[in-house]
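What the coordinates show
Here are the chains, one letter per residue:
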Amino acid sequence: MIKIILRDIGESLDLPPDIKISIERNNVMFKENADYTLPITLPLTEKNNRNLNFPLEIAAVDFGVRSYPVLVQFHGFQFVGNLKILSASKKGVNITIVMGNSELYNQIGGKNLADCFKDIVWDTFANFQNPILKWVQTLEAIMIGNNAYDLPFSVFPVVTKVNSQDEVQHRFEYIPYANLEEGGNNFLNYQSDFKVNIGDVSDNNYYYALLGRWAQTAIVNDVEVTFPIGYNVTPFLKLWWVLDNLFSFFGFEFTSNFFKTGNFEKMCVLNNTRDSLLAGKIFASHLIPDCTVSQFLDCLRFRYGCEFVLEEGTNKVNLKFYKNILKSESKNYTPKIGSNLNITYQEKQTLSLSSKKSVFGDGVKYKTFQELNHYLPNIQYCAWGTDSVPGNYFDTSFEKYYKRLDQANSSWFSTAWVDYGFDCLDFYDEDSKLPAKELKSNYTEYSELVAKQSKPVGPNNIYLDVIMHFPFISGKRNKTSNIVINGENTVIDNSDSCPIQFCYELGQNILSGSYTRGNYVGSAHIYRYGTNLSGVPNMFYAREDGLFQWFFKEYDAALRNGMHKINFKPNITDAEIVDFDFYNLLNVQGQNYIPTCLKYEITQKKINIVDCELLLVKL
């Protein structure tokens, strides 16, 4: 017998005697819609009218916003979902039931990300005489790698705005205050030249301190401005912590947090809040990008080729990757073929990854590898300073495109070259002859960078000393400011949006008791004196440690070989239908396939397979 039970009140709905529930289950890695039922018409009985809040009386209302958590029981099986009213008339109430990931995204939908963290506040030093200074000392200790503080923060230098390349001087000579002028210089976590024994660290070493441990006075537009202790010191939340708490907010458990493993544990979410400490406490909602939950998760989905999947009938969310599915051990499904295979031949494609990018150089802008090749054909890969032959190069030390000119000599310190810019995204070699399957995000999940530009010292000669990249955040967002201007307290609350950006943090490098600036890594690698800080996958698809190789190479190979579609009706048990696994390969007549869709019908007597759709995988 089939039952549809409203979970909130424990009552079942009246169903028609000949009810048939048609269910379409989809692999959300390849289908936009997840699991749902086709429309079901319920009789408008007194019980249904009452339990569904008198749908006829609200017929003019958009039923899509009305949702009822339900439990559907049939033939000893059950699934959970949300009942949605589609329409209502005297003839009955038309409903559909969404399940699985439809239920997950139905709940998180357009919710603002910061709203999910409003109740999380760190007020550790409320009873201290100077909680702001105590917070500065604590964040300094975190910055130098002291793990004694159980806080989900990273702390590292960040530049928020630079007007021109002249302001990006040798070794990043930061202007040590935040200029309130529009278009001025704004710097987070600037480190002074003053060495102190930081906070509770008792290793007898002296480290460079955050400038925010002192009140700072500056003249801005001929006005004296005082920046209090703690201003410009901002922590950055670890991504794994953000995801854990985000899903927890909606009542889900994130069981396979990939970003809690290896170097990804040091990946954090950037923010542009310059004054997170000035309330004497830290608000998690101030350290979150200005976006919806769906937009935030989309950035991760498109960046790493993954999907957040809700285990059916549970509150557990898992992370599935294209790469893992395509390389999984296949299950022999040939004996389960119950009908002829209908084959649809798909056109070969290539994968196109795109998002907002930050590229600068000698006025050259490009969006694809093909465009770059137009300016720099026949690009060769090299380590900086090792190739003195004129030509076009991608420097693997500093991750830089450049053209070496005829005037080049043997010294890489005095080199004739043209800077074609750092590219935070880079491109793998797309096959432009194939149509592209685009994975696109409209949000700035790839952090922009600022780098020292080369200084001309003579005709056709460029003097290159130290190149450093730092995470760059546009805009500003003051949340708790109490800035003193001419002796008066002035509250500044500029709510410029914070884009979705990530950064890896590798910590400081202490050599012979001396802090070496620059050991921080953003969406692309950062280098100290030409040294590659390895261990974190960067954005360079053309190299083996790049994100394309890590997460998208197999998917692109499958597209290039044609992901042909087959449809058939498998002979499988009721239990195999209900527990159908979309995230492992099936082998049919010697070929591996990814399950993409399963359609079946439930009646009072049995479960019938309508169709099963698979995609061919040839790597």
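For the structure itself, consult the block above.
Okay, so let's go over this structure.

Here is what the cut-offs are and how they apply
Residues numbered from 1 in each chain as written. Predicted model: local features only at pLDDT ≥ 70, side-chain atom pairs only at ≥ 80, totals over all residues. Heavy atoms only, no water. Axes fitted to C-alpha atoms, helices over the stretch in contact; angles between N-to-C directions. Helix = DSSP H or I, 4+ residues; strand = E, 2+ residues; numbered from the N terminus. Parallel < 35°, antiparallel > 145°, perpendicular 65-115°, else oblique. Left-handed = near helix turned anticlockwise from the far one by under 90°. Contact = heavy atoms within 4.5 Å. Expected span 1.5 Å × (residues − 1). Buried < 20%, exposed > 50% of the residue type's maximum accessible area, 1.4 Å probe, protein only. Pairing = 2+ DSSP bridges. Polar contact = N/O pair within 3.5 Å; in protein donor to acceptor, adjacent residues only side chain to side chain.

What follows deals with the packing of helix 4 (residues 239-249) against helix 5 (residues 293-304). For any two helices packed against each other, one specifies the crossing angle of their axes together with the interaxial distance. Taken N-terminus to C-terminus, the directions of helix 4 and helix 5 make an angle of 135°; their axes are 13 Å apart at the nearest point. Put simply, helix 4 runs oblique to helix 5. Viewed along their axes, helix 4 and helix 5 form a crossing whose handedness is left-handed. Listed contacts from helix 5 to Leu239, Val242, Leu243, Leu246 and Phe247 of helix 4 are Val293, Phe296, Leu297 and Leu300.

Compared with the 18 Å implied by 1.5 Å per residue over 13 residues, the 18 Å span of helix 3 (residues 131-143) between its first and last C-alpha is a close match. Within helix 3, 11 of the 13 residues are buried, which leaves it mostly tucked inside the rest of the structure. Within the span of helix 3, buried status applies to Pro131, Ile132, Lys134, Trp135, Val136, Thr138, Leu139, Glu140, Ala141, Ile142 and Met143.

Across the sheet, which stays open at both edges, the 4 strands sit in the order 10-17-19-38 with antiparallel pairing between neighbours. On the outer flanks of this sheet lie strand 10 (153-154) and strand 38 (502-504), each paired with one strand and no other. Bridging between strand 19 (residues 267-269) and strand 38 involves 3 bridges; their strand directions are antiparallel. Within the sheet, the bridge partner assigned to Val269 lies in strand 38 and is Phe502. Along the sheet, helix 4 makes contact with strand 17 (236-238), strand 19 and strand 38, crossing strand 17 at roughly 70°.

As for its placement among the helices and strands, Thr314 is situated in the loop between strand 21 (306-310) and strand 22 (316-321). Each C-alpha atom, one on Thr314 and one on Glu253, is 9.2 Å from the other, the two residues being 61 residues apart in sequence. Only 3.0 Å separates the side chain of Thr314 from the backbone oxygen of Glu311, close enough to count as a polar contact. Polar side-chain contacts of Thr314 include one of 3.1 Å to the backbone nitrogen of Lys316.

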